[in-house]
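Residue-level structural notes
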Amino acid sequence: MIEKSYKKDEWQGALAKLAKESRVIAPVNGGTHSVFKTLEEGDVPDFKSSKTRLSPKSVVFPQSERMFEYSLDEESEENGILKEAKKDYAEKFVAGIRPCDARSFKLVQVNFDTPTYKDPWWINNYESTTFIGQACNKACSTCFCTSTGGSPFGEEGLDVVTVDMGDSFLVKSVTDKGEKLLNTIGGGADATDDMKTKVAELEKAAVASVKSEIKTDNLKELKETDLFEADFWKDTFDGCINCGGCTFSCPTCWCFDIQDEVQKKEGDRIRNWDSCMFPLFTKHGMGHNPRDQKFQRIRQRFMHKLKYYPDKYDKGIMCVGCGRCVEVCPANIDIRRVAELMNNYSK
Amino acid sequence: MVNYTDKIRETAKRLLNDGTVDTFIGYRKGSLPFVNNPAIIHNAEEADELVWDSNCALNLCNYLTNRTDKIGVLATGCNSRNIAMHLKENKIKREQLVIVGVPCTGMVDHRAVKGMVDGEILEVTEAGEEITVKGDDFEKTFKTADVLQTNCQTCAHRNPVIFDELVADEVPELDGVNQYADVEAVEAQSDEEKWQNFENIFESCIRCYACRNACPLCYCPTCFVDESKPQWVGKSTDPTDTMTFHFLRAFHMAGRCTDCGACERACPVDIPLRYLTKKLNKDAKDIYDYESGTNVEDKALLDTYKPTDLNDFIR
Amino acid sequence: MMKSTNVYLPYPVKIEEIIVETVDRGLRTFKFTFLNKEDEEAFAFMPGQFAEISVPGYGEIPIGIASSPTEKGFLYFTVQKVGSVTSYLHNMKEGDILGLRGPLGNYYPWEEMKGKNVVIIGGGCAFSTLRSSIVYMLDPANRSDYGDIDVVYGARSMDHLIYKDEIISWTKRDDINMHITVDAFLKNDVKPEWRCSQGFVPSIVEEKIKTGDNTMAIVCGPPVMIKFTRPILQKIGFTDENIILSLENRMKCGVGMCGRCNCGSKLVCHDGPVFTLAELNEMAADL
């Protein structure tokens, strides 16, 4: 395990050098908010803003991804035969990712990497990414990571952890991959005991700064069908406009759609993010839609995140407490309020 | 406008209690600064949760579409124009509605305010004509009029154009305001600059359709972007598909949009969506001398033909 | 051609034959053969499972496998024309190439059904996997594993019945009891060569099935048919564990990843589509 300190500009310089040889993805502020993007010449990573508007899930799970390509030329012997689209799985690096987001990949992994089926693109993408995390010294008012099994200084899903100590970063390897990266980067100075003490204090303050919380202790006890029939689903969330804001900004939402797109005699099979909030999500070819009413879709989203997933996987709820859905929702549908209604429910 | 809250609660209670309406649509206080939760309530006890302030920016007319009950609904100037459009387009019947008019001095642009402070805003309070924001280590007060949403800064109809009762006295309309100054600035640009602008603005779109879903005018049972037989627009984030969606949606707003700003408010990635719709509103005014929803009597712009209509494009 | 382990990559198949099942041409049965022998071997399935038929340029559709694993060398799928993919598929010709992904989902509980009587109840076009089941059970290698077999199959009219020739041949067998019914006889219906009742499936079930003792029922059909058949089966004495249902839902990936087809915590494409009624009772399902 390597534990070093780097002066801030030395660390930025190391990342910039890395970005010349490999893909480095970090938060970049575009004006009103930050999003994760591949660093290009001149881009300054934003390690100050607490969370990006959209989660970094698109690094491993792009919003639109080519799966296959095919020819539709009747003269060709390849007509109609699907071929896997070429991908580049050279090692890439995500810097400045927060513990909640890093942890989210572990929650999503159980969906794409199962004993029966494996999603080649998600798995290859995830395994070829090194995650350089940044601990959160201070939580936002909408963060509730500690209620979901995470922590502002959590290391789950990270290969390297950095802590902002003011004028320098403490940089620690968490996995072998992380150690390999730090060896490659070199430089820095050995972390002193004072620094380690300071970091422990920062961690304590960070955890205390998480003011928002949800309780989920009762969810496992409640019967799935009882919670499903609860009255509060019917009209509490009428303000929802059924957009995809929550699902698209959420690091643990993974639903997708598969479509074929054709131009002249060539086609692609692509997948795009989809949302259970969209009315057409469950519409059958015959026209029947089991979730054609708004409250059914809202119920589905929260039952999935807070009941079906924890029951199925025993990894806690399908939420890392990042608070993005709360901030992004135009109608102020707040998952914290929903969790409270669900957890407090009794038949 | 915060002093409207009591009157709104009282009105909602009265209308629900005496059975004039089955449903009342207003706002509850949000769990975050700058956002309120649209509330569709059915009994008078819930009326105590209703509030009004300069963050009631989502268009309540959106929740009226195709309802069959008797509804009391709050309506600012722009929202009331949307109600007028809904009546024209047969999305709701006049007899179903009790329109509770709200003379509006504008909604606060939360993005602008957030950009003017350093740190997370934890609390927003309004008093009189000022708005105060507080964070962990700062407190700043602004004149509400200085931090309004861009559409509210050039608002031509602050008072409701159609209503059954008002919650307060009418407010003076803005005068001397060039509604289309921003559009004129774009019109003066070269084609390359305009295209580059267009590309830049919609680059961050994530196709969440919050803009479309927040818009009261977007009520097609199957939106063109969801149509599959045939499929008009791709569903990926390919820039051409994304720009096509926004372009076509804006055209579907021509002569109907009331510039309420709900689309911009709803966008999770802060896209200035009125960039396109504003231009179409200006065209409707310049070419056809038409402003949407100012009354219930006239027909929608694209439903009418006059022999004097512009026809120099017919060669 | 290399066999890929990519779960989304279809095996290439060729259309050998197209059989138009109904007079309105809305239902066709396709006979597919694999282009590669090793793909056919990899596609070992049991009745109840489905596959995603992949039409390049249009998309994929989840369709129950209508042929039985005892029928070697080909696969049958019966497809109704409802949308863009199925419309294009219906216009394809013998010899055309498309793709197939599968077998997917779980299958009817064949082990549990051994030694028991089997009642098969189907409605309308949802008879594909039931045909697969019947052919499987009637195969000489399997027939003695099961007791009495009763089949109640109903459709709107005689024209809407599928696999007509086979059904006629089964009515002539003595190792299976066929109870065919239609909602109504239409005036230009062909006079049946077999006895065909008139009535809805639930009432025919009530009339013809005497007991639920040591019997398992497989029910496959539109939600309304299941809704009215269920209480009758319970009245006859079937336990909820012995009533087997095959659910439908909109699907895309078919392998339990895209999240679309869930009924409660179960994914219909992966944990289903076969569920017992007892399991369904515990599921928080929008149906």
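Computed from a predicted model, the values in this text were never measured in an experiment.

**Section: the overall build of chain A**
- Scanning chain A from N- to C-terminus turns up 12 helices and 12 strands.
- The globule rule puts the C-alpha radius of gyration for 347 residues at 20 Å, and the 22 Å found for chain A is close to it.
- With respect to the three principal axes, the spread of C-alpha positions in chain A is 65 × 65 × 40 Å.
- Long-range pairs, those at least 24 residues apart, make up 72% of the contacts in chain A with a sequence separation of at least 6.

**Considerations on the overall build of chain C**
- When helices and strands are counted, chain C shows 8 helices and 15 strands.
- Computed over the C-alpha atoms, the radius of gyration of chain C is 18 Å, within 12% of the 19 Å expected from 2.2 N^0.38 for a compact globule of 287 residues.
- In terms of principal-axis extent, the alpha carbons of chain C reach across some 55 × 45 × 40 Å.
- Classification of the 287 residues of chain C by burial places 62% in the buried group.
- Partitioning the contacts of chain C with sequence separation of at least 6, the portion at a separation of at least 24 is 69%.

**A few points about the sheet that holds strand S10 (residues 196-198) of chain C**
Residue and element names in this part refer to chain C.
- Here 7 strands make up an open sheet; going across it, the order is S10-S9-S8-S7-S11-S12-S15 and the pairing mixed. Strand pairing shows two members of the sheet lacking a second neighbour, S10 and strand S15 (274-276), which therefore form its edges. Strand after strand, the sheet turns through a mean of 20 degrees between neighbouring axes, direction not considered.
- Pairing analysis gives 6 bridges linking strand S7 (residues 117-123) to strand S11 (residues 215-220), with the strands arranged parallel. In the strand pairing of S11, Ile120 is matched with Ile218.
- Packing of helix H4 (residues 128-138) onto the sheet brings it into contact with S7, strand S8 (149-155) and S11, and relative to S7 it is tilted by some 155 degrees.

**A short note on the interface of chain A and chain C**
- At the junction of the two partners, chain A supplies 45 residues and chain C supplies 44 residues.
- In this assembly, chain A packs against chain C so that about 3,600 Å² is buried in total across both faces, 54% of it on carbon and sulfur atoms.
- Joining chain A to chain C, the criterion identifies 7 salt bridges.
- Of the charged contacts in the structure, one is a salt bridge between Arg269(A) and Glu60(C), with a shortest N-O distance of 3.1 Å.
- Of all the secondary-structure elements, those providing two or more residues to the side of chain A that touches chain C are strand S4 (64-71), helix H3 (99-112), helix H4 (120-127), helix H7 (224-228), strand S11 (256-263), strand S12 (266-273) and helix H10 (294-313) of chain A.

**Overview of the side chain of Asp109(B)**
All names here are of chain B.
- Within the fold, Asp109 resides in the loop between strand S4 (97-101) and helix H3 (110-115).
- Comment: no salt bridge for buried Asp109; closest opposite-charge side chain is Arg111, at 5.4 Å.
- Within the structure, the side chain of Asp109 is placed 3.1 Å from the backbone nitrogen of Arg111, a separation counted as a polar contact.
- Excluding its chain neighbours within four sequence positions, the residues that come into contact with Asp109 are Val147, Leu148 and Gln149.

**A short note on the pattern of salt bridges**
- Tallying each qualifying case throughout the model produces 62 salt bridges over all chains.
- Taking the shortest distance from any N to any O, the salt bridge between Lys172(A) and Glu155(A) comes out at 2.6 Å. Of this pair, Lys172(A) sits in strand S9 (residues 168-173) while Glu155(A) sits in the loop between strand S7 (129-134) and strand S8 (160-164); the two residues are 17 residues apart in sequence, bridging distant segments of the chain.
- The closest approach of N and O atoms between Arg274(B) and Asp259(B), which form a salt bridge, is 2.7 Å. Here Arg274(B), found in helix H10 (residues 274-288), pairs with Asp259(B), found in the loop between helix H8 (239-252) and helix H9 (262-266); they are 15 residues apart in sequence, far enough to count as distant.
- In this structure Arg274(B) comes out as buried when scored by relative accessible area, which is 5%.
- Each of the salt bridges in this network shares a partner with another, and the network as a whole consists of Glu187(B), Lys279(B), Lys282(B), Asp283(B) and Asp286(B).

**Remarks on the confidence of the model for chain C**
All names here are of chain C.
- Scored by pLDDT, chain C comes out at a mean of 90, with 96% of its residues at no less than 70.
- By mean pLDDT, the top-scoring element of chain C is strand S3 (residues 50-55) (96), and the lowest-scoring one is S10 (82).
- Across the predicted assembly, pTM comes out at 0.94 and ipTM at 0.93.

**Looking at a nonpolar patch on the surface**
- A contiguous nonpolar patch, built from Ile287(B), Leu310(B), Phe313(B) and Ile314(B) and spanning about 390 Å² of accessible area, is present on the exposed surface.
- Inspection of the secondary structure assignment puts Phe313(B) in the segment after H10.

**Quick notes on the pairing of strand S12 (residues 243-246) of chain C**
All names here are of chain C.
- Alternating positions in S12 separate into two faces, Ile243 and Leu245 on one and Ile244 and Ser246 on the other, with burial throughout.
- Bridging between S11 and S12 involves 3 bridges; their strand directions are parallel. Paired with Ala217 across the two strands is Ile243, which belongs to S12.
- Since S11 and S12 lie parallel, the crossover through helix H7 (residues 223-236) that links them has a hand, and here it is right-handed.
- In terms of strand pairing, S12 meets S15 through 3 bridges, oriented antiparallel.

**As for the nonpolar core**
- Of all hydrophobic cores here, the largest spans 197 residues; its most connected members are Trp233(A), Met342(A), Trp52(B) and Tyr8(C).
- Within the second largest apolar cluster, 38 residues are counted, among which are Ala126(C), Ile149(C), Ala155(C) and Met216(C).

**Regarding the packing of H10(A) against helix H12 (residues 335-343) of chain A**
Residue and element names in this part refer to chain A.
- Between H10 and H12, the shortest axis-to-axis distance is 11 Å and the interhelical angle comes to 65 degrees. Two packed elements cross with a definite hand, and for H10 against H12 that hand is right-handed. Where H10 approaches H12, its residues Phe302, Met303, Lys305, Leu306 and Lys307 are matched on the opposing element by Ile335, Val338, Ala339 and Met342.
- For the contact of H10 with H12, the residue count by class is 7 nonpolar, no polar and 2 charged.

**Observations concerning the packing of aromatic side chains**
- Summed over all chains, the structure comprises 43 aromatic pairs over all chains.
- Over the ring of Tyr163(C) we find Arg131(C), and its NZ or CZ is 5.7 Å from the ring centre.

**Describing the environment of Arg230(C)**
Residues and elements named next belong to chain C.
- Relative to the assigned elements, Arg230 resides in helix H7.
- The class of Arg230 is partly exposed, set by a relative accessible area of 31%.
- Sequence-wise, Arg230 and Lys116 are 114 residues apart; in three dimensions their C-alpha atoms are separated by 20 Å.
- If we ignore the near neighbours within four places in the chain, the residues touching Arg230 are Leu277 and Asn281.

**Some words on the interface of chain B and chain A**
- Listed per partner, the contact involves 34 residues of chain B and 38 residues of chain A.
- Taking both sides of the interface into account, the surface hidden between chain B and chain A amounts to around 2,700 Å²; carbon and sulfur atoms contribute 53%.
- For chain B, the biggest contributors to the area lost against chain A are Leu32(B), Glu120(B) and Ile206(B); these three give 18% of the whole.
- Inspection of the region where chain B meets chain A yields 2 salt bridges.

**Observations concerning the domain arrangement of chain C**
All names here are of chain C.
- Along its sequence, chain C is organised into domain 1 (11-104) and domain 2 (110-246).
- Taking the mean C-alpha position of each, domain 1 and domain 2 sit 23 Å from one another.
- Carbon and sulfur atoms supply 56% of the area that domain 1 and domain 2 bury against each other, a total of about 1,500 Å² over both sides.
- Inspection of the region where domain 1 meets domain 2 yields 1 salt bridge.
- Glu71 serves as the salt-bridge partner of Arg131, at 2.9 Å between the closest nitrogen and oxygen.
- Listed by contribution, the elements that provide at least two residues to the side of domain 1 that touches domain 2 are strand S2 (27-34) and strand S5 (75-80).

**Digging into helix H6 (residues 193-208) of chain A**
- For H6(A), built from 16 residues, the straight-helix expectation of 22 Å at 1.5 Å per residue is met to within 8% by its first-to-last C-alpha distance of 23 Å.
- Looking at the buried positions of H6(A), the neighbouring elements they touch are strand S1 (3-7), S8 and S9 of chain A.

**Let's talk about the sheet that holds strand S5 (residues 123-127) of chain B**
All names here are of chain B.
- What the 3 strands build is an open sheet, ordered S5-S6-S7; its pairing is antiparallel. Strand pairing shows two members of the sheet lacking a second neighbour, S5 and strand S7 (139-143), which therefore form its edges. Neighbouring strand axes in the sheet, compared pairwise and without regard to direction, differ in orientation by 20 degrees on average.
- Inspection of the sheet shows S5 paired to strand S6 (residues 130-134) by 5 bridges, in the antiparallel sense. Bridged to Thr125 within S6 is Thr132.

**Describing helix H6 (residues 201-208) of chain C**
Residues and elements named next belong to chain C.
- Burial in H6 covers these residues: Val201, Pro202, Ile204 and Val205. Looking straight down H6, one finds that the buried residues subtend no more than 165 degrees of arc, so they occupy a single side.
- On the buried face of H6, the contacting elements are S7, S8, strand S9 (177-182), S10 and H7.

Procedures and definitions
- In this numbering scheme, every chain counts its residues from 1 along its sequence in written order.
- Lettering of chains starts at A and numbering of ligands starts at 1, both following the order in which they are written.
- Only residues with pLDDT of at least 70 are given local features in this predicted model, and only at 80 or more are side-chain atom pairs given and counted; all residues enter the totals for whole chains, interfaces and linings.
- Only hydrogens and water are removed before side-chain values are computed, so all heavy atoms of the structure are retained for them.
- Secondary structure elements follow DSSP: runs of H or I no shorter than four residues count as helices, runs of E no shorter than two count as strands, and numbering proceeds from the N terminus.
- The size measure is the radius of gyration over C-alpha atoms, and the globule rule it meets is 2.2 Å times the number of residues to the 0.38 power.
- Throughout, a contact is declared for two residues whenever any of their heavy atoms are within 4.5 Å.
- For every residue, the accessible area obtained with a 1.4 Å probe (protein chains only) is divided by the maximum for its type, and the residue is called buried under 20%, exposed over 50%, and partly exposed between those limits.
- Any two strands with at least two DSSP-identified bridges between them are counted as paired.
- Fitting a line to C-alpha atoms yields each axis, with helices limited to the stretch in contact; the angle taken between N-to-C directions then spans 0 to 180 degrees.
- By convention, the term buried area covers the 1.4 Å-probe accessible surface removed from two parts as they join, with the contributions of both added.
- Any carboxyl oxygen of Asp or Glu that lies within 4 Å of a side-chain nitrogen of Lys or Arg is treated as forming a salt bridge with it.
- We score Asp and Glu as negative and Lys and Arg as positive, and we do not count His or the chain ends.
- Polar contact is the term for a pair of N or O atoms within 3.5 Å; when the atoms are in protein, one must be able to donate a hydrogen and the other to accept it, and sequence-neighboring residues count only if both atoms are side-chain atoms.
- Values of pLDDT, which run from 0 to 100, indicate the predictor's confidence residue by residue.
- Nonpolar side chains (Val, Leu, Ile, Met, Phe, Trp, Tyr) are joined into patches within 5 Å and like charges within 9 Å, using only residues with over 30% relative accessible area and no salt bridge.
- Working definition of accessibility: Shrake-Rupley area with a 1.4 Å probe, residue cover restricted to the visible protein chains.
- Look down the strands so they point away from you; if going from the first strand over the helix to the second traces a clockwise path, that crossover is right-handed.
- Grouping buried Ala, Val, Leu, Ile, Met, Phe, Trp, Tyr and Cys residues that are joined through side-chain atoms within 4.5 Å yields what is termed a nonpolar core.
- Each crossing gets its handedness from the near helix: less than a right angle anticlockwise from the far helix is left-handed, clockwise is right-handed.
- Side-chain classes are defined by residue name, with Ala, Val, Leu, Ile, Met, Phe, Trp, Tyr, Cys and Pro counting as nonpolar, Asp, Glu, Lys and Arg as charged, and the others, Gly among them, as polar.
- Here a pair means two rings of Phe, Tyr or Trp (six-membered ring of Trp) with centres within 6.5 Å. Their orientation is stacked below 30 degrees between planes, edge-to-face above 60, and tilted elsewhere.
- The criterion for a charge sitting over a ring is simple: Lys NZ or Arg CZ within 6 Å of the ring centre, and within 35 degrees of the ring normal.
- The domain limits used here are those given by an automatic or database domain assignment.
- Expected helix span is taken as 1.5 Å per residue step, with the number of steps being one fewer than the number of residues.
- As used here, the arc is the angular range of directions from the helix axis to the C-beta atoms.

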